[in-house]
Amino acid sequence: MEGKYVGQAVTRIDARSKVTGQALYPGDFVMEGMLYMKLLFAGRPHARVLRVDTEKAESLPGVVAVFTSRDVPFNEYGLQYPDQPVLVGPPGDPEAARQLVGGGIGRDEVRFVGDQIAAVVAESEEIAAQAVDLIAVEYEDLPVLSDPRDSLKPDAPQLHPKYPGVSYHPELVFEGNIASRHRIRRGDVDAAFAQAAVVVESEYEIPGQEHIFLQPEAGVGYVDDEGRVTVITSGQWAHEDRHQVAHALGLEEEQVRIIYPAIGGAFGGKEDLSVHIVLALAAWKLHRPVKLVWSRTESIIGHHKRHHVFARARWAAAADGTLLAAENYVIADAGGYVYTTNKVMGNLLLTCNGPYKIPNVKTDVLGVYTNNIPGGAFRGFGAPQGNFIAEAQMNKLAEALGMDPVELRLLNVVQGDDPMPWGKPLPDDARGLVDTLIAAAKAVGWQQTEQGWQAPACAPRPGDPPTLKRGVGLALGVKNVGFSFGYQENAWAAIELRGGREIEAAVVYAASSDVGQGTRTVIRQMAAEALNLPLELVTLEPTDTGITESSGSCSASRMTFMIGNAIKGAAEAALQKWADEDRPARAEYTYLAPKTTPIDRETGYGDPNFSYGYVTVATQIAVDTLTGQLYFPKMACANDVGQAINPRLLTGQIEGGVIQGLGWATTEHFIEKDGYPLTKTLSTYLVPTIVDIPDELEAIVIENPEPHGPWGARGMGEMPLIPVAAAVQAALHHAVGLWYDAFPFTTERVLRGLKLKE
Amino acid sequence: MHPFDYYKPKDFDEAFAMLTQPGKKVIPLAGSTDIIPMVRDERWLPDAVVDIKGLPGLRDIKLVDSGPLCCAGQTAQCLYIGAAARMNEIAHSELVQQYASVLAQAAQEVGHEQVRNRATLGGNMGTASPAGDTLSALLVLEADVLVKGKDEERCIPALKFFLGPRKTALQPGEIILGVQVPPLPEGTLGRYLRISRRKGADLAIVGLSVMAIPAEGGYQWRIGLGAVAPTPIRVPEAETILATGHDEATVEKAIQATLAAARPIDDIRATAAYRREMVVQLTRRALQDIIAQIP
C-alpha cells in the first residue's frame, strides 16, 4: 500500500551528517574532565583467578582507579541468563556473592579469552594501557574444552555450576555442559525411513562468523545532572542494556540511563553488553566522565560470534519426491556463556526442517558450553545454520531423485493451512515462499518447460578455459519476525503535536536503535504518513531511556514491523487529542503483537511466532578447478517484504545481507585453536571486498502484504543472508559435481575436494 | 597505540642523523602502509620514524644513463624508480610498463586501490616480507638497488638484497634511494601472477614473476617466486631447463623444478601443500601466457 511517504525512497535522515563526518559515534564524545579506561582481558580460555594484584598499577602516576571483581556490587550479567561475571575474580562481599545465580560459585573462573579481569581508569589512554600491563594476575589454568562434541563426553570438566532454571526459558536446562536443549517429535521417522525410496544422510560443519561491524564497541559513562549514571554507547536495545547495568550495579533502573548516538553497525553483535557495565561502574564510583574504545582486536576477542554448528541429517522421500521424514541432530558451540544461545537454538530448531510438509520429523538441537568465544546473535539468529541443513538436504534429495530442485520444492512447500513441523501453519498465506522461489530461479536462468522447471545448462562461455566450470544453485528460506515462543512482543512510541490552529511540528519518541539500516528514517516516514503531515514537520527525538519507554530490540527483523504499528497507534491517539484541543497533543501507544506460545518441551508443538519473512537466493558460479577460486557472475535475492517502506534502504539491506552471507560462505574463516582465536585482525579474518562480490546482484522485491504489518510491511533485515551459503553449495555442486558439507568454501577447501575426487 | 616521534628531514644528512640516534629504534617511513598496522598491532615498537618520502629524487621514475655504481657498463639507458614512488604510479607508468612490465603488473596486485595510492616500492623492499609482490619482479629484472648511507652511495644487486624475512642488506642508517632496471632487448615478455584467499586486499599465498628475454634466436628465461621461502627466490634450475626450449614436456620439467625450489610453510593463510599446488598452477599459467605471446 503505497502512500505519500510510505513506499518512497526518502533520503536518510543522517545522510548528510554521516557523509560529512559530523555524525557522532560512541567513540567521538569528549566531555570535560573525562578519564580513559583500558581493560585487562584474561587472554586465556580457561583458568581460575587466584589473585589480582593492582598495587603497581594503582601507584602509576595518572592512574585514578583500578576496578576488579571486588568492586562490582552484583558481579553477574547476561542477556538471557546472568552466567557471566562482569569482572572475573574473587568476590568482594561474600554475602552479596551468595545472592548471585548458582550461589556465586565459579565467578573467579575465566571461561574464554575475552573474559575481563580489571578495568583501569587514568588521565590518558596511554597511562591506562601502561597500568594494565602492571597488573599481576595469578591464574590456575584449567583444562580447555574447544569442541562442543568433547564437552558432551561424560568425563568432560563441567564449565558452569548447575544453575537453577527459569520458567520463562524452559529450554535452559544446565545439564552438565548442555546449556539449552530443544526438540521436535512428529510422527515416526524410523517407520518412514524403512519404506522410503530415497534417503539422504549427511554430516555438516557450519562455521561461526564474526560481525565486523565498522564501529568497534565504545562509550562514555558519566553521571547526568539528575544524578543518573549514564552511558552513551552503541547497542540494540537501550532499555535491556539499562536493566542489565542496573542489576550489576545494584541500582534501580531509574538510576541508570542509556543513550544511543549514531551506531556503526551491529548485526546482532551488539545485543549483548560490552563496555556498558564497566563504564557505568567507573562513572558511578568516580563521579567523572570515563571513556572506553575497543580496538578491532579487542572487539573480535570481546564479543560473541555466530554459532559454530555440527549437524547430522537424514531425510527421506518417496519416489515421486514427496518428503516422508526428516531427522536432524545438531550440536552448537555456545562458547563460555549462554548469551542468546537458547533463543538462537530455538530458531535453528524451527528452520532446520525448512518450510516443507514433512509428516515425520525428529529434531534435536543442543547448545553446548565450551571455552571458545561465546556463540550468540548474528543476522539470521540460527536460521542461516538451520537453513543450510534443510536446503542442503533438499538439493541433495533433488539430485538423488533426478528432480529439478525447484520442482522438488514446489511439490513439498507448505501452502495455506499446511502445518509446519510444530503443528501450526504459517500465520499468513505464505505465498512469498513460492513467489520468491520462482523469481530468484528465473533471474539466474531457470526456465519453465513442458517437463516443469529446469535449471540452465551452464555451458562454457566464449573464452572460458576448459578448467573453468560453471553452475547455478538456489535455496529457499523462512524466518520468524519478532520475538517469539510466548514472549508478548511489544513496542512503545509517543508523538507530540505542537502548534496552535495548525500542527506546526510533530515530535516522535521511539527507543529504536539505528544501527545503520536507517530505522530512524523509516520511523519518520511512517509518522508523516500516519499523521498526514509534510515530512519536514516531523522530527525524531534521540534514543534515550531518559525520555522513552522500551520499543524493544533492534533485532529479529522486527523494528519496522513493531515500531510502525506503535507509530500508527500513537499517531491516531495524538490526532484525537489534537481534535480535542489538547496543546500540545501528546499520546503514547504500546503495540502488542499477536500472541504466541512456548513450544512443548518434548514435541516442539506450539504456535511460536506471529509473522515470518520469505526469501530465496539463487546464484551463478564459476569455479577455477586448478586453484579453487570462485567467481559469482550473478546472484539474485528475491525477498517478500510485504511492503517496502523505503525501497532504497530496503535494496541496501538485500545487497548487504547477501554479501554478508557470501562472506560467511566463502572467505570469512573464523579460526579458534584450543580456545584461542587466530583470526584477530582484518588481515586474517577476510570480509569480502568490492572485487570479491558478485558481478551482478539483483534485488527482487516482492510485496505480499503482511496482515498485521504496518501498511502491510513485514520484517526483512535478516532474510537476504539466510539462504546464501546453501545456494552457493548447490551451485558448487552443479559446477563440479561435489557436495561440500563443510564451509566456508575457501579456495583451499574447494581445491582439496577436487583433488580428493580425482 | 605505542607512541613514537615523527621526523621529517630536510636532506639526506639530516635523515641519516635521525635514523642513527644512539640507543633508539628508528624506522624510515614512506607510504606507512606497513608501519601503521604493525605499530597498531604492537608488532613494531619504534621510538621514532623518519619520513623520507620528501627527499629529493625519491619519487622519480625516469630513464638514466649507466652510472659508476648501479647499471654499470650498460650501453643503453636504465629505468630508475625512486624508493618513494607509489605502487599506483609504478603500475600506471608507461615507462615502467615498457621497460619493466613484470614490475608494473606486480605493483598493480599490491593491497587495494587506497593502499596502492600510498604504498611505495622502497617500503615494500624495506619491509622485505617474503610475500611482497614487487620483490620477485625485482629479482627477475635483475634490478640494482641504490642505497645511501652517511656520505656515500652504494649499489646492491636485488639478488643480494633480501636476506631473510624482514631482513635486508641495508646497513644502519642506510636508506633506499631507488632501483635501476637494466635495459632489456625488444621483445622481452613478462608476467606476474599471484593467488590469495580473497581477491582484493590480501597478502599473496604465492607470487610468481616470469620473464622471457630474446637471446641468440631463442629465449633466456627468468623465474622468481614469492611467499614460498624466507625470501623471494629465483629458480635457476627451471630457467636452465627452459633455455633448451619451451615445448610442453620441457615446460612440465621446468614446473617441477620450480616446485622443487619452493619451501613453503603452513600458516593461517594456507597450508604448505596448497602453496605447492599453487606454485605448479601459477607457473604453468604464466609460462603458457608468455609462450602464447611468443611470435
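Residue numbers here run from 1 along each chain, matching the order of that chain's written sequence. Whichever chain is written first is A, and whichever ligand is written first is 1; the rest continue in order. Residue-level local features of this predicted model are given only where pLDDT is at least 70; pairs of side-chain atoms are given and counted only at 80 or more, and the full residue set underlies all totals for whole chains, interfaces and linings. Hydrogens are left out, water is left out, and the side-chain values use all remaining heavy atoms of the structure.

A.B. asks: So what's going on with the sheet that holds strand E2 (residues 26-29) of chain B? Residues and values would help.
C.D. replies: Residues and elements named next belong to chain B. Should DSSP find at least two bridges between two strands, the strands are regarded as paired. Elements are defined by DSSP. Helices are runs of H or I of four residues or more, strands are runs of E of two residues or more, and each kind is numbered from the N terminus. Spatial strand order, E1-E3-E2: three strands in an open sheet with parallel pairing. The sheet is open, and its two edges are formed by strand E1 (5-7) and E2, each paired on a single side. The mean inter-strand angle of the sheet, taken between neighbouring strand axes irrespective of direction, is 25 degrees. Here E1 runs beside strand E3 (residues 48-51); their pairing, made up of three bridges, is parallel. The residue bridging Tyr6 from the neighbouring strand is Val49, located in E3. Residues are treated as being in contact if the distance between any of their heavy atoms lies within 4.5 Å. To get an axis, fit a line to the C-alpha atoms, keeping to the stretch in contact for a helix; angles then go from 0 to 180 degrees between the N-to-C directions. In the packing of helix H1 (residues 12-19) onto the sheet, contacts are made with E1, E2 and E3, and the angle to E2 comes to roughly 145 degrees.

A.B. asks: Explain a negative patch on the surface to me, and be specific about the residues and the numbers.
C.D. replies: Residues and elements named next belong to chain B. Patch construction takes residues with relative accessible area above 30% that form no salt bridge. Like charges are linked within 9 Å, and nonpolar side chains (Val, Leu, Ile, Met, Phe, Trp, Tyr) are linked within 5 Å. Accessibility throughout is a Shrake-Rupley quantity obtained with a 1.4 Å probe, and a residue counts as covered only by protein chains that appear here. Basic side-chain nitrogens of Lys or Arg form a salt bridge, by our definition, when they fall within 4 Å of a carboxyl oxygen of Asp or Glu. Charge assignment: positive for Lys and Arg, negative for Asp and Glu; neither His nor the chain ends contribute. Note that the charge is assigned to NZ on lysines, CZ on arginines, CG on aspartates and CD on glutamates. A grouping of Asp11, Asp13, Asp151 and Glu152 is seen on the molecular surface, where their side chains present a negatively charged patch. By secondary structure assignment, the location of Glu152 is in the loop between strand E6 (144-148) and strand E7 (153-157). What makes Glu152 exposed here is its relative accessible area of 60%. Residue burial is assigned from relative accessible area. The probe radius is 1.4 Å, only protein chains are included, and a residue is buried under 20% of its type maximum, exposed over 50%, and partly exposed in between.

A.B. asks: Could you give an account of the domain arrangement of chain B, with specific residues and numbers?
C.D. replies: All names here are of chain B. The split of the chain into domains comes from an automatic or database domain assignment. Split into domains, chain B comes out as domain 1 (5-51), domain 2 (61-181) and domain 3 (189-291). Of note, the centres of domain 2 and domain 3, computed from C-alpha atoms alone, are 20 Å apart. Domain 2 puts 22 residues into the contact, and the matching count from domain 3 is 22 residues. In total, domain 2 and domain 3 occlude about 1,800 Å² of area from one another, counting both sides; carbon and sulfur atoms represent 61% of this. Here the buried area means the combined drop in accessible surface, using a 1.4 Å probe, for two parts upon being joined, counting both sides.

A.B. asks: Which residues make up the state of the cysteines, and what values do they have?
C.D. replies: Residues and elements named next belong to chain B. The disulfide criterion used throughout: a pair of cysteine sulfur atoms within 2.5 Å. Tallying each qualifying case throughout the model produces two disulfides over all chains. The disulfide that involves Cys70 links it to Cys155, with 2.2 Å between the sulfurs. For the disulfide bridge between Cys70 and Cys155, the dihedral angle about the S-S bond is near 115 degrees, and by the sign convention the bridge is right-handed. Placement of Cys70 in the loop between strand E4 (61-64) and strand E5 (78-82) and of Cys155 in strand E7 is noted, with a sequence separation of 85 residues between them. Cys71 shares a disulfide with Cys78; S-S distance 1.2 Å.

A.B. asks: Please give an account of the side chain of B:Gln281 that cites residues and values.
C.D. replies: Residues and elements named next belong to chain B. When you line up the elements, Gln281 lands in helix H11 (residues 272-293). Classification of Gln281 as buried rests on a relative accessible area of 7%. Any pair of nitrogen or oxygen atoms within 3.5 Å is treated as a polar contact; in protein, a donor-acceptor pairing is required on top of that, and neighbouring residues in sequence qualify only through side-chain atoms on both sides. Within the structure, Gln281 has its side chain in polar contact with the side chain of Glu277 (distance 2.8 Å).

A.B. asks: Go over the nonpolar core, please, and point to the residues and values.
C.D. replies: In summary, soluble globular proteins display a tendency toward joint burial of nonpolar side chains. Here, the term nonpolar core denotes a set of buried Ala, Val, Leu, Ile, Met, Phe, Trp, Tyr and Cys residues that are joined through side-chain atoms within 4.5 Å. Counting residues in hydrophobic clusters, the biggest one holds 181 residues, and the most contacted among them are A:Leu497 and A:Phe745. In terms of residue count, the dominant contributor to this core is helix H15 (residues 559-579) of chain A (ten residues). Aside from chain neighbours lying at most four places away, what touches A:Phe745 is A:Phe388, A:Leu630, A:Ala665, A:Thr666, A:Ala725, A:Val728, A:Gln729, A:Leu732, A:Tyr740 and A:Val750. B:Tyr80, B:Ala104, B:Phe162 and B:Val179 belong to the second largest nonpolar core, which has 58 residues in total.

A.B. asks: Describe in detail the packing of helix H16 (residues 647-665) of chain A against helix H17 (residues 724-736) of chain A, supporting the description with residues and values.
C.D. replies: Residue and element names in this part refer to chain A. Between H16 and H17, the shortest axis-to-axis distance is 8 Å and the interhelical angle comes to 60 degrees. On the basis of the axis angle, H16 is oblique to H17. With respect to the hand of their crossing, H16 and H17 are arranged in right-handed fashion. In contact with Val658, Gly661, Leu662, Trp664 and Ala665 of H16, H17 contributes Val724, Ala725 and Val728. Its residues assigned to classes, the contact of H16 with H17 comprises seven nonpolar, one polar and no charged. Throughout, the term roughly parallel applies to angles under 35 degrees, roughly antiparallel to angles over 145, roughly perpendicular to angles from 65 to 115, and oblique to all others. Less than a right angle of anticlockwise turn of the near helix away from the far helix marks a crossing as left-handed, whereas a clockwise turn marks it as right-handed. All residues other than Ala, Val, Leu, Ile, Met, Phe, Trp, Tyr, Cys, Pro, Asp, Glu, Lys and Arg, Gly among them, are scored as polar; the first ten of these are nonpolar and the last four charged.

A.B. asks: Explain helix H4 (residues 125-133) of chain A to me, and be specific about the residues and the numbers.
C.D. replies: All names here are of chain A. If you check which residues of H4 are buried, you get Ala128, Ala131 and Val132. Axial view of H4: buried residues confined to an arc of 105 degrees, hence all on one face. Contact partners of the buried residues in H4: strand E1 (35-41), helix H2 (55-59), strand E3 (63-67) and strand E5 (116-122). By definition, the arc is the one covered by directions from the helix axis to the C-beta atoms.

A.B. asks: How would you sum up the domain arrangement of chain A? Please name residues and give values.
C.D. replies: All names here are of chain A. Each domain of chain A was delimited in the assignment, giving domain 1 (15-22 + 484-592), domain 2 (33-142) and domain 3 (309-416 + 430-483 + 600-757). On a C-alpha basis, the centres of domain 2 and domain 3 stand 40 Å from each other. At the junction of the two partners, domain 2 supplies 15 residues and domain 3 supplies 17 residues. Summing both sides of the interface, domain 2 and domain 3 together bury roughly 1,200 Å²; the carbon and sulfur share of this comes to 59%.

A.B. asks: Account for H1(B), with residues named and values stated.
C.D. replies: All names here are of chain B. Of all the residues in H1, the buried ones are Phe12, Ala15, Phe16, Met18 and Leu19. For H1, the buried positions fall inside an angular range of 165 degrees around the axis, keeping them on one side. For H1, the secondary structure elements touched by its buried residues are E1, E2, E3, E6 and strand E10 (175-181). N-capping of H1 is provided by Asp11, with a side-chain oxygen placed 3.3 Å from the backbone N of Asp13.

A.B. asks: Residue-level account of the sheet that holds strand E2 (residues 47-53) of chain A, with values.
C.D. replies: Strand-to-strand pairing in sheets goes through backbone hydrogen bonds, with the strands running parallel or antiparallel. Residue and element names in this part refer to chain A. Taking strand neighbours across the sheet as the criterion, the three strands line up as E4-E2-E6 in an open arrangement whose pairing is antiparallel. Sheet topology places strand E4 (109-110) and strand E6 (136-141) at the edges, where each strand pairs with a single neighbour. In this structure, E2 lies alongside E6, joined through six bridges in antiparallel fashion. Residue pairing across strands places Val52 opposite Val137, the latter belonging to E6.

A.B. asks: Could you give me a rundown of the interface of chain B and chain A, with the residues and numbers involved?
C.D. replies: In this complex, chain B contributes 18 residues to the contact, which on the side of chain A involves 24 residues. It is B:Arg198, B:Lys199 and B:Ile268 that lose the most area in chain B upon contact with chain A, and together they represent 37% of the buried surface on that side. Linking A:Asp624 and B:Arg285 is a salt bridge whose minimum nitrogen-to-oxygen distance equals 3.1 Å. At the surface where chain B touches chain A, the tally comes to ten residue pairs in polar contact (both at pLDDT 80 or more). It is H11(B) that contributes the most residues to the side of chain B that touches chain A, five residues altogether.

A.B. asks: Kindly report on the pattern of salt bridges, identifying the contributing residues and their values.
C.D. replies: Residues and elements named next belong to chain A. Within the structure shown, the criterion is met by 61 salt bridges over all chains. Across the pair Lys362 and Glu327 runs a salt bridge whose closest N-O atoms are separated by 3.9 Å. With Lys362 in strand E16 (residues 360-369) and Glu327 in strand E15 (residues 323-335), this residue pair connects regions lying 35 residues apart in the sequence. When its relative accessible area of 28% is taken as the criterion, Lys362 is described as partly exposed. Across the pair Lys634 and Glu696 runs a salt bridge, and its minimum N-O distance is 3.7 Å. Of this pair, Lys634 sits in strand E27 (residues 634-640) while Glu696 sits in strand E30 (residues 696-702); the two residues are 62 residues apart in sequence, bridging distant segments of the chain. The exposure class of Lys634 is buried, given its relative accessible area of 12%.

A.B. asks: Please provide a residue-by-residue account of the packing of helix H5 (residues 101-108) of chain B against helix H8 (residues 133-141) of chain B, values included.
C.D. replies: Residue and element names in this part refer to chain B. Look at H5 against H8: their axes get within 8 Å of each other, and the N-to-C directions meet at 175 degrees. Our classification of the angle between H5 and H8 gives roughly antiparallel. Residues Val102, Leu103, Ala106 and Ala107 of H5 pack against Asp133, Thr134, Ala137, Leu138, Val140 and Leu141 of H8. Residues of the contact of H5 with H8, tallied by class, amount to eight nonpolar, one polar and one charged.

A.B. asks: Account for the pairing of E10(B), with residues named and values stated.
C.D. replies: All names here are of chain B. Across the seven residues of E10, seven count as buried, placing the element largely inside the fold. Bridge analysis of E5 against E10 gives four bridges, and the strand direction is antiparallel. Within the sheet, the bridge partner assigned to Gly82 lies in E10 and is Gly178.

A.B. asks: An account of the side chain of A:Arg470 is needed here, citing residue identities and associated values.
C.D. replies: Residue and element names in this part refer to chain A. On the secondary structure map, Arg470 appears in strand E19 (residues 468-480). In terms of polar contacts, Arg470 uses its side chain to reach the side chain of Asp464, at 2.6 Å. When residues no more than four places from it in sequence are discounted, the contact partners of Arg470 are Cys458, Ala459, Arg461, Asp464, Ile621, Ala622, Pro633, His734 and Ala735.

A.B. asks: So what's going on with the environment of A:Phe378? Which residues, and what values?
C.D. replies: As for its placement among the helices and strands, A:Phe378 is situated in the loop between E16 and helix H11 (383-401). On a C-alpha basis, the gap between A:Phe378 and A:His211 in space is 7.1 Å, while along the polypeptide they are 167 residues apart.

A.B. asks: How would you summarise the packing of aromatic side chains if you had to cite specific residues and measurements?
C.D. replies: Geometry of aromatic contacts follows a simple scheme: Phe, Tyr and Trp rings, the Trp one being its six-membered ring, pair when their centres are within 6.5 Å, and the pair is stacked under 30 degrees between planes, edge-to-face over 60, tilted otherwise. For the coordinates displayed, the defined rule picks out 16 aromatic pairs over all chains. Ring geometry for A:Tyr740 against A:Phe745: centres 6.4 Å apart, planes inclined by 70 degrees, an arrangement best described as edge-to-face. A relative accessible area of 2% means that A:Phe745 is categorised as buried. Sitting over a ring, as applied to charges here, requires NZ of Lys or CZ of Arg to be within 6 Å of the ring centre and within 35 degrees of the ring normal. For A:Arg586, the ring lying beneath its charged end belongs to A:Tyr509, and the centroid distance is 4.7 Å. Across from the ring centre of B:Tyr80, 5.7 Å away, lies the NZ or CZ of B:Lys62, which sits over that ring.

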